[in-house]
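Structural overview
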Amino acid sequence: MGTTASQLRKDLLSEYQELTFLTKQEIILAHKRFSELLSKEDRNVPTPRVPMEKVLSLPELKSNPFRKRICHVFSTSDMKDGSLTFEDFLDLLSAFSDSATLEIKSHYAFRIFDFDDDGTLDGGDLEKLVNCLTGETDDTRLTTEEMRQLISNILEESDIDKDGTVNLSEFQHVISRSPDFVSSFKIVL
Amino acid sequence: CVCVCVCVCVCVCVCVCMTPVEGEGTEDRQLAEEEPAAGAKSQLMRMMRTRMKRRPPETAEEPIRRRLLSHVTPTMKVRMTPPREDKEEQQIKEQQTKRKEERPRTVTRTARRRGTRETRREPRERRGKKRRPKIRKEMPKGRAKERRRKTRRTRRRRRRKRADSEEESMSEGEMERLKEEVEEKKKVIAIMRNKPWRMKRRLVHLKECQEFVDKFEGALGKGKGRKFYAYKVMMTKKWIKFQRDFENFKTTCIPWERKIKEVESHFGSSVASYFIFLRWMYGMNMVLFGLTFGLVVIPEVLMGLPYGSIPRKTVPRAEQPTAQDYSVLMDFNGYCKYSVLFYGYYNNQRTIGLLKFRLPLSYLMVGVGTFGYSLMVVIRTMAKNADVGGGDGDDGEFTFAWKMFTSWDYLIGNAETADNKYASITTSFKESIVDEQENQKDENIHLRRFLRVLANFMIICCLGGSGYLIFFVVKRSQEFANRDDLSWYEKNELELIMSLLGLVCPPLFETIAELEEYHPRIALKWQLGRIFALFLGNLYTFLFALFDEVNNKLEEEVSIRNAGPCWETAVGIEFVKLTVSDIQVTYLTILIGDFARAVIVRFLNYCWCWDLEATYPSYGEFDISGNVLGLVFNQGMIWMGAFYAPGLVGINVLRLLSSMYYQCWAVMATNVPHERVFKASKSNNFYMGLLLLILFLSLLPVVYTIMTLPPSFDCGPFSGKAKMFDVIMETIDLDLPAFLGTLMGYAANPGLIIPAVLLMVLAIYYLNSVSEAYQHANAELKKKMQMVSLRVFQN
């Protein structure tokens, strides 16, 4: 692999440890993997950005149906192109780490599922969500009738104030009762 | 004249009662003109103005009141301010007092400048002054409010003392305030990672807070008596750093993390949960191994009499020619039998070696401590799991929502597994939709009930049959023990039959269960329960048969007296043989059932009529529940046998270690991911519960042995005593001071124990009813929340 041009500074490392749920080794590993994704020129830039396509080539994200949404949610780029700096990458790993709290995870899960970024999960978001989960091929998709039935069932279960959308607090209420969420909402490098 | 006086008195009384509110109003108006409203302050202004509007308009008596106010107000405010006032009103009051006191402050400040201790305090004062505008911009309202509250308190204190000590209290108050602020900043730093902010924002905040803390911790560290505070702060910092490093170190120590991660990415978190369970068991067994070897085996080896010195440690002359034969050793006879592995080797000397190590006591304590430690660890893990999992609660409440939001496993890193997952999610969606529709359908209840009763009857027959088979085989093995010329099959018949039963019956149960037509999750629970009953029945039948044998041996011993058979070693040998054969059967099953099957399917597929890979038999799936139950029962046997065979724990550790590598390899090489979604996490506590149950059940025989059965006459650490726990009584009598002995005597009195047991039963009942009450309250709150939100929406 060769030597990275920029090593992680010690004070930054301790600050990152303070601010995220990651251990020192995990942060160092993340830095290593992130540097591998950078192209040669970008290495010497002070705060390098990795374009979304490179991030999606990571094996941990490659098979994830929500990979594009994850990149968009954690990206702080002005151009909304889903590119990540190292700090965004750390944010991502921290939210998906083993020791992150339920609140953090549910907060980010909500933002990932909110495809149109309007702050609520409406019918359109849910439909896109189901399509992501059932795969891209035609024989695994649900029919229109099934989709309608499914979405109405979901809204019936989770929509407490009956406004036709699931907002953050309703989402967190549903998620907090689930025993699987914390263990499945995990990405480890 | 009198009337005017009365009027004036009434006015005084009235204004005394009304001062706090009125005074503020007037002062606020002044304030409003003085300072430009900005941010939080404008809010306060608005609130004050609205409150003023609500009050009746002031009359001509105002000027009098105002004059009274000027010198009455400060003390009045102090006395009359109720502690439980509205926060906003407090803020307003603080603002006023602050503004008011600022003016006279200049006087005191110049006065203080002439004092002796000014140099130190002055910079802080000036710093404080400069600091304020900066803080107002960046610190949230709470901080500013706190500061203002603190300044108010200091004013009050100063007014009360009215002496030189004013300066001291001022600095004390400042100290307090600074300390509190420093603590607050530290708290903010600690919870920073819980906020869903971006890293940049968090870094900025962190830097700010850290700067503040560093700057003022130094300041707080000056002056006498503060040195201790500075030292304390430094130690706290070092402790936090040490804790963090230790946490990092602990995570590196966890073995097999990569391996399990690989399995996770291919098979999902459910299969990986088995390996995590295996690793946990390995950890627990390592501790037990350390206890046993460190406190029992090593002392005996180092400080006890060597092999061959006394009869119990030597192979009897009759057996010596065959003692080294491989077949004899495999049976754990010969040299194996007369080694540290088994109970019979240990000497019953009260103390051994230079250190006067009390081996019999240690043996007993380790035996009991094994159970105690295991119990503690299992219950602690269960409590942790229950915290996360939330138990079995609302099964059907959020089915669809959970399927949507939580079914994807983010650890999947493999395209094939992902495809499988898509397919299974789609199937599960379709099934749930159909389920919902079918719930309204009418079913033939009677036929279903009949089928279920029939299925249960058949299964009970199977269980009974297997129990009887084991009993029969044990009886036969007792007959075999008297004969000498045994084939390999006859020697190992018991273990083989038990293992085979464990292999054959579960699939049989599954086939019968298809009659019942339960929901898959409920069917799985029935299946696990039945397998559990099978294993339990087998184990206990085996135990009863074994104890039958033990009693026979004891009777024999009574008649023979000298050099009788060592029944504890015999029991130990039985357990070791059972464990070893269990290991062999498990490994062989994996080899044949999974590996050979995979090889055949892969290579025979080229020349077979139908597609072996897609249809029957295809590759095997990893049987999570079967493996976990096997592990649980294996552990039960270890617990039971460890008292009679200290080496058994070591054998188990080796077994778990090799299992880890072997099964990881087997899973990756020969298994395919599951087609159906398997919710492993909910069952985590189920398996822990099973483990707990097995622990209790394996505790019973050992405790029974210790309490009632007499130990063998001439082997083991308790030989010569009437009961095994006599060692403890001996130790209490001889080694411990007298009063402890009498104390123990009282404690063991049934008159004390029975009330204690009753108390515990009452406590359990009480806690149970409290927990039920909480559940009710929870349900009520949920309903209420729904109704309230509905009402809000409708409005």
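Given the structure is predicted, the values throughout are model-derived calculations rather than measurements.

**Thoughts on the UniProt feature "domain: EF-hand" (unreviewed entry) in chain A**
Feature annotation in UniProt assigns "domain: EF-hand" (unreviewed entry) to the following positions: residues 101–136 and 146–181 of chain A. Taken end to end, residues 101–136 of chain A comprises 64% helix and 0% strand; its first and last C-alpha atoms sit 32 Å apart.

**Description of a nonpolar patch on the surface**
Residues and elements named next belong to chain B. The grouping of Leu 588, Leu 591, Ile 592, Phe 595, Val 599, Phe 603, Tyr 606 and Trp 665 at the surface amounts to a nonpolar patch, some 840 Å² of accessible area in total. Looking at the nonpolar patch, the element that brings in the most residues is helix 20 (residues 567–604), giving six residues. Within the secondary structure, Phe 595 sits in helix 20. Judged by relative accessible area, which is 33%, Phe 595 ranks as partly exposed.

**What to know about empty space enclosed by the protein**
Remark: the empty space left among the atoms is shown by a probe the size of a water molecule rolled over them. Residues and elements named next belong to chain B. The final tally for this structure, using the stated rule, is ten cavities of 30 Å³ or more. Of the volumes computed, that of the largest cavity is approximately 90 Å³. Around the largest cavity sit Thr 292, Val 296, Tyr 363, Val 366, Gly 367, Thr 370, Phe 371, Trp 639, Ala 642, Phe 643 and Pro 646, which together line it. Element by element, the count of residues in the lining of the largest cavity is highest for helix 13 (residues 359–389), at five residues. In terms of residue class, the lining of the largest cavity is built from eight nonpolar, three polar and no charged.

**Describing the packing of aromatic side chains**
Evaluation of the coordinates by the stated rule reveals 42 aromatic pairs over all chains. With centroids separated by 5.3 Å and ring planes inclined at 65 degrees, the aromatic side chains of Phe66(A) and Phe113(A) adopt a geometry described as edge-to-face. Of this pair, Phe66(A) sits in the loop between helix 4 (59–62) and helix 5 (67–74) while Phe113(A) sits in helix 7 (residues 102–113), and the two are 47 residues apart along the sequence. Residue Phe66(A) shares its accessibility class with Phe113(A), and that shared class is buried. An aromatic cluster of three or more residues is present, and its members are Phe66(A), Phe74(A), Phe96(A), Tyr108(A), Phe110(A), Phe113(A), Phe171(A), Phe181(A), Phe185(A), Phe405(B) and Tyr410(B).

**A look at the interface of chain A and chain B**
Each side of the interface is counted separately: chain A has 72 residues, and chain B has 61 residues. Of the roughly 6,000 Å² buried between chain A and chain B on both sides combined, carbon and sulfur atoms contribute 60%. When the area that chain A buries against chain B is broken down by residue, the three leading residues are Leu19(A), Leu133(A) and Glu157(A), summing to 13%. Our enumeration of links across chain A and chain B arrives at four salt bridges. Our enumeration of links across chain A and chain B arrives at eleven residue pairs in polar contact (both at pLDDT 80 or more). The leading source of residues in the side of chain A that touches chain B is helix 9 (residues 144–158) of chain A, at seven residues. Split into classes, the residues belonging to the side of chain A that touches chain B amount to 34 nonpolar, 21 polar and 17 charged.

**What to know about the side chain of Asp409(B)**
Tracing the backbone through its elements, the reader meets Asp409(B) in the loop between helix 14 (399–406) and helix 15 (415–438). No salt bridge is formed by the buried Asp409(B). Its closest oppositely charged neighbour is Lys421(B), at 5.0 Å. Not counting the four nearest positions on each side in its chain, Asp409(B) is found in contact with Ser184(A), Gly268(B), Ser269(B) and Lys421(B).

**Section: the pattern of salt bridges**
All told, the structure shown has 18 salt bridges over all chains when counted by the stated rule. Residue Arg198(B) pairs with Asp91(A) through a salt bridge whose shortest N-O separation is 3.6 Å. Of this pair, Arg198(B) sits in the loop between helix 7 (165–191) and helix 8 (199–220) while Asp91(A) sits in helix 6 (residues 86–95), each in a different chain. Residue classification places Asp91(A) among the buried residues on the basis of a relative accessible area of 2%. When the shortest N-O distance is used, the salt bridge between Glu516(B) and Arg530(B) registers 2.8 Å. On the criterion of sequence distance, the pair formed by Glu516(B) in the loop between helix 18 (493–513) and helix 19 (520–560) and Arg530(B) in helix 19 is long-range, its members being 14 residues apart. Of the residues examined, Arg530(B) reaches a relative accessible area of 6% and is grouped as buried.

Cut-offs and rules
Residues numbered from 1 in each chain as written. Chains lettered and ligands numbered in written order. Predicted model: local features only at pLDDT ≥ 70, side-chain atom pairs only at ≥ 80, totals over all residues. Heavy atoms only, no water. UniProt positions renumbered as here; feature names shortened; annotations may be inferred. Helix = DSSP H or I, 4+ residues; strand = E, 2+ residues; numbered from the N terminus. Patch = residues over 30% accessible without salt bridge, like charges linked within 9 Å, V, L, I, M, F, W, Y side chains within 5 Å. Areas by Shrake-Rupley, 256 points an atom, 1.4 Å probe, with all protein chains shown as cover. Salt bridge = Lys/Arg side-chain N within 4 Å of Asp/Glu carboxyl O. Buried < 20%, exposed > 50% of the residue type's maximum accessible area, 1.4 Å probe, protein only. 1 Å grid on protein atoms, 1.4 Å probe; cavity = no way out; pocket = protein on both sides within 12 Å on 5 of 7 lines; lining within 4 Å. Points joined across faces, edges and corners; volume = space filled by probe spheres on them. Nonpolar A, V, L, I, M, F, W, Y, C, P; charged D, E, K, R; others polar. Phe/Tyr/Trp six-rings, centres within 6.5 Å; stacked < 30°, edge-to-face > 60°. Contact = heavy atoms within 4.5 Å. Buried area = accessible area lost by both parts, 1.4 Å probe. Polar contact = N/O pair within 3.5 Å; in protein donor to acceptor, adjacent residues only side chain to side chain. Lys, Arg positive; Asp, Glu negative; His and termini not counted.

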